[in-house]
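Coordinate inspection notes
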There are 2 protein chains.
Amino acid sequence: MARRRQSVTIKHVAADAGVSLQTVSRVINNEPNVRPEMQERVRASIAKLGYVPSIAAQRMAGRRSYLIVALNDRERTIADWRKREGTDWVDQMMFGGILKCTEHGYRLIVELVDTHSDHIERELLAAIASLQPDGVILTPPHSQNQKILEILDDHKISIARIGSLTDGPGFLLTMDDEHAARLATEHLVELGHHRIGFIAGPPEYELSGWRVVGWKAAMRDAGIDSGGLFAQGDFSFASGRAAAEALLGGDDPVTAIIASNDQMTLGALEVVREHGLRVPEDFSLISFDDTPVIRFSHPPLTAVQQPIAEVASRAVELIISDQAGKKVSREPVVVPASLVVRNSTARRRPALKDTA
Amino acid sequence: MARRRQSVTIKHVAADAGVSLQTVSRVINNEPNVRPEMQERVRASIAKLGYVPSIAAQRMAGRRSYLIVALNDRERTIADWRKREGTDWVDQMMFGGILKCTEHGYRLIVELVDTHSDHIERELLAAIASLQPDGVILTPPHSQNQKILEILDDHKISIARIGSLTDGPGFLLTMDDEHAARLATEHLVELGHHRIGFIAGPPEYELSGWRVVGWKAAMRDAGIDSGGLFAQGDFSFASGRAAAEALLGGDDPVTAIIASNDQMTLGALEVVREHGLRVPEDFSLISFDDTPVIRFSHPPLTAVQQPIAEVASRAVELIISDQAGKKVSREPVVVPASLVVRNSTARRRPALKDTA
DNA sequence: GTGAAAGCGCTAACAT
DNA sequence: ATGTTAGCGCTTTCAC
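Reading the values: rules and limits
Residues numbered from 1 in each chain as written. Chains lettered and ligands numbered in written order. Predicted model: local features only at pLDDT ≥ 70, side-chain atom pairs only at ≥ 80, totals over all residues. Heavy atoms only, no water. Helix = DSSP H or I, 4+ residues; strand = E, 2+ residues; numbered from the N terminus. Expected span 1.5 Å × (residues − 1). Buried < 20%, exposed > 50% of the residue type's maximum accessible area, 1.4 Å probe, protein only. Arc of directions from axis to C-beta. Contact = heavy atoms within 4.5 Å. Domains from an automatic or database assignment. Buried area = accessible area lost by both parts, 1.4 Å probe. Salt bridge = Lys/Arg side-chain N within 4 Å of Asp/Glu carboxyl O. Polar contact = N/O pair within 3.5 Å; in protein donor to acceptor, adjacent residues only side chain to side chain. Pairing = 2+ DSSP bridges. Axes fitted to C-alpha atoms, helices over the stretch in contact; angles between N-to-C directions. Near = heavy atom within 4 Å. Nonpolar A, V, L, I, M, F, W, Y, C, P; charged D, E, K, R; others polar. 1 Å grid on protein atoms, 1.4 Å probe; cavity = no way out; pocket = protein on both sides within 12 Å on 5 of 7 lines; lining within 4 Å. Points joined across faces, edges and corners; volume = space filled by probe spheres on them.

The next subject is helix H3 (residues 36–49) of chain B. All names here are of chain B. In this model H3 runs 20 Å from its N-terminal to its C-terminal C-alpha over 14 residues, within 8% of the 20 Å that 1.5 Å per residue would give. Where H3 is concerned, the buried positions are Met 38, Gln 39, Val 42, Ser 45 and Ile 46. One side of H3 carries all its buried residues, which in axial view fall inside an arc of 135°. Facing away from the buried side of H3 by over 90 degrees, the exposed positions are Pro 36, Glu 37, Glu 40, Ala 47 and Lys 48. As for H3, its buried residues are in contact with helix H1 (10–17) and helix H2 (21–28). Directly after H3, the chain includes Gly 50, whose backbone phi takes a positive value near 65°.

Structure (C-alpha cells):
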C-alpha cells in the first residue's frame, strides 16, 4: 500500500512565504484581513511551489468538498449507453457541467441511482456520506422527488433541479418546454397542418405536462380543436409506435405528429411509413429531443433542441454561488429550447377528399 | 457557510458495537485479525446506523482516495461534445468505468487536459494534488506521453494506458487494432476488392500505426501490393476528404477505403459521392469507429466496433487490484474489436476495362 | 491584520 | 486479536 503524501502542502507555502498557515488559508479562500503585500507574497510562493489545496483536506476541515454530483437515473442511463446511440443527455450535462466546474476548481461526478427502488434513500445517503458533495444536480424524474429533496436539504447540500417547478428546496431550471412545444406546433400550423397529433411523455415527468400545455395552447390559438389528437407515451420506442397507430387509426387521421422524445419519434416514424406515408411529403414529424439518432435519421428530423449543456452550466453556477454564501435568486432559470427545422416537416399535402 | 459534518462516523459505529475505532476500520477494509463474531457485531452496527466511510477522511489518513481519473484530451473532447454527434468515447468510458467503479466503492472523474500545451505538467500536477486519485486511465494520445507517465509514477498512482504498448509504467490495454484492421481488409478482399485504400490516423497515436500494419499484412497475405494505397490523415473530416481525393485521383483508383475514424470516413464518403460513385454498389467503405454518425449514416456504414466500455471496465479493475496491493500481471490486456458489417461494403463491381 | 491551538474522520504504527 | 496514539492537510475558533 503506497502511502501517498501531498508533495506541497499549505505548510510549505507558509514557510516559504514566512507567514502562518492561517494567512495562506485566507489568501487561498479570498478572505478579508490580509494586507495586499502579504497577499502578494503568499501568491508568489503558491505559484513558485505549484501549490494546490487538497480537496480531501479542505473537506475534512469542514469547508467545501468542491464536488458536485449529477444524479441520473441508473436504468435509463445504462440503457442509453448500451444502445450506443449517443446518450446525449449525460454527455451534454458533462459538457456544460465540467467546463463550468473547472472554472471554479470544482469537479463533477456522475452518480447513477435507482429511482424505482425503495433503496433510493439508502443509495443517496451513502453517496452523500462518502462524497459529501457541495451540490447535487437533479434531472427528471428525480428533480421532483420529495424524498430526495428532503434528504439533500437536511444535509444542507445545494440543489439544482432541472425540469421541475414544484415546490420545495433548490434552484429551478427549465428549458421552457411549454414554449418549445408551442414553437413546434406553430411551425406545423404554418405549414398548413390542422390534424397535429401529440405523443406525450409519462406524467411522472413534470415537463411532459408542460409540453402538452404548450401544444394545446398553440392549437387553440390557431383555432384548432385538439380533441382526439393526444396520445400517451412512456418515452419508449414501443409506446411511440402504439401512439402513432392510434393517431393514424381513426377516420380523420393526423397529418403531423410531435413526439416528446427521440425514441417515440422513431417509433412513430416507423408506423407512419408502414401506413404508406412518406416523410415529409405526406406526413410531418417533430422530435422533442435533438439526439444523434434524430439528426442522422432519414430524413434528418426537425426537432426541439434542448440546451442541456447550458442548463447544466447554469446549475453549476447556482450551486457554487450558493455555497459561496452569495444570495442567489430563487427565481426559476429559463434557458429556452429552440426548434431546429430539418427535413421531416413540410407543407401539408391536401387530402384527396379536399381536392375533390 | 453550512458546516456540514458527517452524521454517522466511525466513532458512532465503534461506540455502538462496543469496540475500538481500529476494529471498525479493520472490518471496513476487510483486514485480517478480527474474530468473526466481532466482524459480525461491527457489521451489524454499520448496517443499523447506515454508516458509510467518508472518502475525504480515508484519503486524509493516507489510505486510498477511491477516486479514479479518466484523463481525456480537452480540445478534442469539447469539440466532440459541441458537435452533439454522440461523443461515444467519453460516454462509453463512463459506461464501463462507472459501473465497475461502483462495484468497488470507487468513483470515476473525467478530467480534461490540454495535451498540446506545455502546461500539461502543471495541469496534471494540479489535478493530482487536489484529487489525489488512486489511479488514472489514460487514453490516446496521452497513453504514451512519457511526461505524464513519469509524473503519475512518481506519485505512485496506478496507471492504465489504453491504446499504447510502448515501454514505461502502467498497465497496457489494447483493442487489438492490428487485428481489427486485418478483419476489415479481409472483409473487403473477400468481396473481391484489390485496390483497398487506407487512410491512417496521425502518427502521434500509436494505434494509428498498428492499424496500418494490420492492413498491410492482410494485403500482403492476399497477394496484393499495398503500394500507393496509403494516405495520411489526422482524424479530421477535411483530412479524410483530402486523403480520399488522393486515393481516387490516380489512373488506377481504389474501389474501397478503410478510414481510421468516423470523421475521416465521412469525409471520404462525401468525396466518393462527388466522384459519382454509389456506396456500396460502386465503392466500399469501412469506418474504424462505430459511432452514432456512422451507424445512422446512409447507408449505415460497415465499421470496426471498439469495445471501449469493456476496456474501461478492465482498466478500472486493474487499477483497483493494483491499489489493493494485489500482484497484477503486467501483460497487455487485449479486448478485441470486431467488425460490424452494414451496408457500405459490397462485392466489387468489375471495372469497365475488366469487362472489355 | 495576524498567529496559535484544536479538531474534522480516518488509518498507520505501535502497543498490548 | 484488539486497543492506543499520532498524525494526514486544512479550516475553524479564539487569541493577540
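What follows concerns the domain arrangement of chain A. When its domains are assigned, chain A resolves into domain 1 (10–59), domain 2 (67–175 + 307–325) and domain 3 (177–305 + 340–355). For domain 1 of chain A versus domain 2 of chain A, the separation of C-alpha centres amounts to 32 Å.

Let's shift gears to the interface of chain A and chain B. Listed as interface residues are 61 residues of chain A and, on the opposing side, 60 residues of chain B. Each partner contributes to the roughly 5,500 Å² buried at the junction of chain A and chain B, and carbon and sulfur atoms together form 56% of this total. A per-residue breakdown of the area chain A buries against chain B is headed by Arg4(A), Trp81(A) and Arg84(A), which together make up 17% of the total. Between chain A and chain B we count 2 salt bridges in total. Between Glu111(B) and Arg107(A) there is a salt bridge whose closest N-O contact spans 2.0 Å. Counting across the interface, chain A meets chain B through 19 residue pairs in polar contact (both at pLDDT 80 or more). Of all the secondary structure elements, the ones that give two or more residues to the side of chain A that touches chain B are helix H4 (55–60), helix H5 (74–83), helix H6 (89–103), strand S2 (107–113), helix H7 (120–131), helix H13 (292–295) and helix H14 (308–323) of chain A. A total of 6 residues in the side of chain A that touches chain B trace back to one element, the largest contributor, which is H6(A).

Residue and element names in this part refer to chain A. One open sheet holds the 6 strands; their spatial order is S7-S6-S8-S9-S10-S12, and the pairing between them is mixed. Two strands in the sheet have a free side with no partner beyond their single neighbour: strand S7 (230–232) and strand S12 (338–340). Each strand of the sheet is rotated relative to its neighbour by a mean of 20°, with strand direction disregarded. Where strand S10 (residues 302–305) lies against S12, 3 bridges are found, and the strand directions are antiparallel. Across the sheet, Ala 303 pairs through a bridge with Val 340, a residue of S12. Helix-sheet contacts for helix H9 (residues 177–190) involve strand S6 (196–200), strand S8 (256–259), strand S9 (284–287), S10 and S12, and the interaxial angle to S8 is about 170°.

This part covers the protein's contact with DNA strand C. The full set close to DNA strand C counts 27 residues, and Thr23(A), Arg35(A), Ile10(B), Gln22(B) and Tyr51(B) are the nearest of them. Restricting attention to atoms of DNA strand C within 4 Å of the protein, one finds that 64% of them are sugar or phosphate atoms. Note that a phosphate oxygen of DNA strand C is positioned 2.3 Å from one of the backbone N or O atoms of Ile10(B). Contacts to DNA strand C include Ala57(B), whose backbone N or O atom sits 3.5 Å from a base nitrogen. Within the residue set of the surface near DNA strand C, elements represented by two or more residues are helix H2 (21–28) of chain A together with H2 and helix H4 (55–60) of chain B. Its residues assigned to classes, the surface near DNA strand C comprises 11 nonpolar, 11 polar and 5 charged.

Residues and elements named next belong to chain B. Within strand S1 (residues 67–73), 7 of the 7 residues are buried, leaving the element largely enclosed by the surrounding structure. Here S1 pairs with strand S2 (residues 107–113) via 7 bridges, running parallel. Within S2, the position partnered with Asp 73 by the bridge is Val 113. Sheet topology places S1 next to strand S3 (residues 135–138); 4 bridges connect them, and they run parallel. When the sheet's bridge partners are listed, Leu 71 is paired in S3 with Leu 138.

All names here are of chain A. The parallel open sheet is built from 6 strands, whose spatial order is S2-S1-S3-S4-S5-S11. Bordering the open sheet on either side are S2 and strand S11 (333–334), each of which pairs with just one other strand. Where strand S4 (residues 158–162) lies against strand S5 (residues 171–174), 3 bridges are found, and the strand directions are parallel. Counted as the bridge partner of Ile 162 is Leu 173 from S5. Where H5 meets the sheet, its contacts fall on strand S1 (67–73) and S2, and the angle it forms with S1 comes to roughly 80°.

A separate point is the protein's contact with DNA strand D. Around DNA strand D, a shell composed of 28 residues is seen, among which Ile10(A), Gln22(A), Tyr51(A), Arg63(A) and Arg35(B) lie nearest. Of all DNA strand D atoms lying within 4 Å of any protein atom, the proportion belonging to sugar or phosphate reaches 65%. Within the backbone of Ser20(B), an N or O atom sits 2.8 Å from a phosphate oxygen of DNA strand D. Met60(B) places a polar main-chain atom, nitrogen or oxygen, 2.5 Å from a base oxygen of DNA strand D. For the surface near DNA strand D, the secondary-structure elements that each account for two or more residues are helix H1 (10–17), H2 and H4 of chain A together with H2 of chain B.

With that settled, consider empty space enclosed by the protein. Per the stated rule, a full pass over the model turns up 2 cavities of 30 Å³ or more. The calculated volume of the largest cavity comes to roughly 110 Å³. In this structure, the largest cavity is lined by 14 residues; those nearest its centre are Ile55(A), Ala56(A), Leu67(A), Ile55(B) and Ala56(B). Elements supplying a minimum of two residues to the lining of the largest cavity: H4 and H7 of chain A together with H4 and helix H7 (120–131) of chain B. The residue inventory of the lining of the largest cavity, partitioned by class, reads 8 nonpolar, 4 polar and 2 charged. Each pocket or cavity is described by its volume, and for the second largest cavity that value is around 30 Å³. Residue lining of the second largest cavity: Trp89(B), Pro140(B), Ile162(B), Gly163(B), Met175(B), Asp177(B), Leu207(B) and Gln306(B), and that is the complete set.

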